[in-house]
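Inside the fold
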Amino acid sequence: QFKIFHAVVSCSMPAEEIESVSLPVGWKSYISPEGRKYYVNTSTKGTTDVCICVCQLHGAMEMEESFDAEGSFDDVSCLSPQSPGSTSPARRQNKEKEIKETKITINCVTFPVSMSAPEQQLLKPSEWSYCDYFWADKRDPQGATVSGFEVLLQKQLKGKQMQKEMAEFIRERIKIEEEYAKNLSKLSMFPMAAQEEGTLGEAWAQLKKSLADEAEVHLKFSSKLQCEVEKPLLTFRGDNFKKDMKKYDHHIADLRKQLVSRYAAVEKARKALADRQKDLEVKTQQLEIKLSNKTEEDIKKARRKSTQAGDDLMRCVDLYNQGQSKWFEEMVTTSLELERLEVERVETIQQLLRQYTTLRHETDMFNQSTMEPVDQLLQSVDPAKDRELWVKEHKTGDLRPVDMDI
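Residues numbered from 1 in each chain as written. Predicted model: local features only at pLDDT ≥ 70, side-chain atom pairs only at ≥ 80, totals over all residues. Heavy atoms only, no water.

What follows is about the side chain of S188. Inspection of the secondary structure assignment puts S188 in helix α4 (residues 148-188). The exposure class assigned to S188 is buried, which follows from its relative accessible area of 12%. A polar contact of 2.6 Å, which involves the side chain of S188, links it to the backbone oxygen of S185. When near neighbours in sequence (up to four residues on either side) are disregarded, S188 contacts K208, L211 and A212. (Helix = DSSP H or I, 4+ residues; strand = E, 2+ residues; numbered from the N terminus. Buried < 20%, exposed > 50% of the residue type's maximum accessible area, 1.4 Å probe, protein only. Polar contact = N/O pair within 3.5 Å; in protein donor to acceptor, adjacent residues only side chain to side chain. Contact = heavy atoms within 4.5 Å.)

Counting residues in hydrophobic clusters, the biggest one holds 28 residues, and the most contacted among them are W327 and L338. Counting only elements with at least two residues in this core, the list comes to α3 (130-133), α4, α6 (240-288) and α7 (296-380). Beyond its immediate sequence surroundings of up to four residues, W327 is in contact with V109, W135, I252, L255, R256 and L259. (Core = buried A, V, L, I, M, F, W, Y, C linked by side-chain atoms within 4.5 Å.)

Take a positive patch on the surface next. A cluster of basic side chains, namely K164, K242, K243, K246 and K247, defines a positive patch on the protein surface. Of note, K243 is situated in helix α6. (Patch = residues over 30% accessible without salt bridge, like charges linked within 9 Å, V, L, I, M, F, W, Y side chains within 5 Å. Areas by Shrake-Rupley, 256 points an atom, 1.4 Å probe, with all protein chains shown as cover. Salt bridge = Lys/Arg side-chain N within 4 Å of Asp/Glu carboxyl O. Lys, Arg positive; Asp, Glu negative; His and termini not counted. Charge placed at Lys NZ, Arg CZ, Asp CG, Glu CD.)

Once that is clear, we can look at the packing of aromatic side chains. Going through the model one piece at a time under the given rule, you end up with six aromatic pairs. When the centroid spacing of 5.0 Å and the interplanar angle of 20° are considered together, the rings of W128 and Y133 count as stacked. Since its relative accessible area comes to 67%, W128 is described here as exposed. Of the residues examined, Y133 reaches a relative accessible area of 37% and is grouped as partly exposed. Seen from their ring centres, Y130 and F134 are 5.9 Å apart, and the 85° between their planes marks the pair as edge-to-face. Through a chain of ring-to-ring contacts, three or more aromatic side chains come together here, namely W135, W327 and F328. (Phe/Tyr/Trp six-rings, centres within 6.5 Å; stacked < 30°, edge-to-face > 60°.)

Dropping the structure here:
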């Protein structure tokens, strides 16, 4: 009977502590050409237990695999000799269930099971950072799978669209100001009530002139809106922005595709190992019950193939973990960059909108100044004075009629 164990040694245990653990009687350790350590029980007859151990430095990226047909272990100290079949099926099922409940793979990304793993600390606590909340995939309203990174990219593209629409809104505001200024200027030249006289006529003439002054104020306001608000909104993050977003998208997507490919390799290697183990088990049982003339050399050959299958699986798992670690690092780096870009966008638009309100207040102030001469002349309107002026200019005689004499 042949058993292969793969244990992921906790990174909390230093390598020197692992080395210091004394092996049970009959066990020896060997270093493979690939640099992996094997623990072999040399005391069993017809039974060889091979233990494959690896320590992953990135705790969040560990992918545990167990290939123990009758049990498993978590550290070197558990490598005591066991007789074949000593582990009950119930215990074996509990062990396998316990391992499966530790990690879960979703869309080829391995996550800890929240109920069984210690709570992970956020990378940037209390900041609601992009790098903490977009690791899983989600479904869009049409049912398609959307990665967390795609959600972040969509936010960036939506921000670009909002910026464009704001610029279009300001453009409409500018058009209104220009049309308003044009109509005010045109109205100020209408000859309506041009013959009004006296102090009231002066006030009326100033009021008409104020329309021309106000038209000039609104024309300047529209010009400043174009230069200081609309144009910066249009030029902020030009055509290269979308190209940069595509580069980010392709880079992360390529890493994710690589992860999918390596996960498929892990599953293929897992199946190959299971087949090799089953083949070894069948040959061993046939030899024990004399149902086959298979020689000991055949058994050793099957054992070597099973060991090689275990090596292949370990290599695939290592490559998977390396790929996931790389994807993880790039996700953190890129999501933080997208976060920085979003902060920059919001602050820039905030500044431009503040400039809009400043110009609007200035326009109100200038409009008020055009009304001051009108107010002054209106306060000077004097009906008695107007009457005097008008009478002096238009009088026809100050001799009043008298009675006729007989």
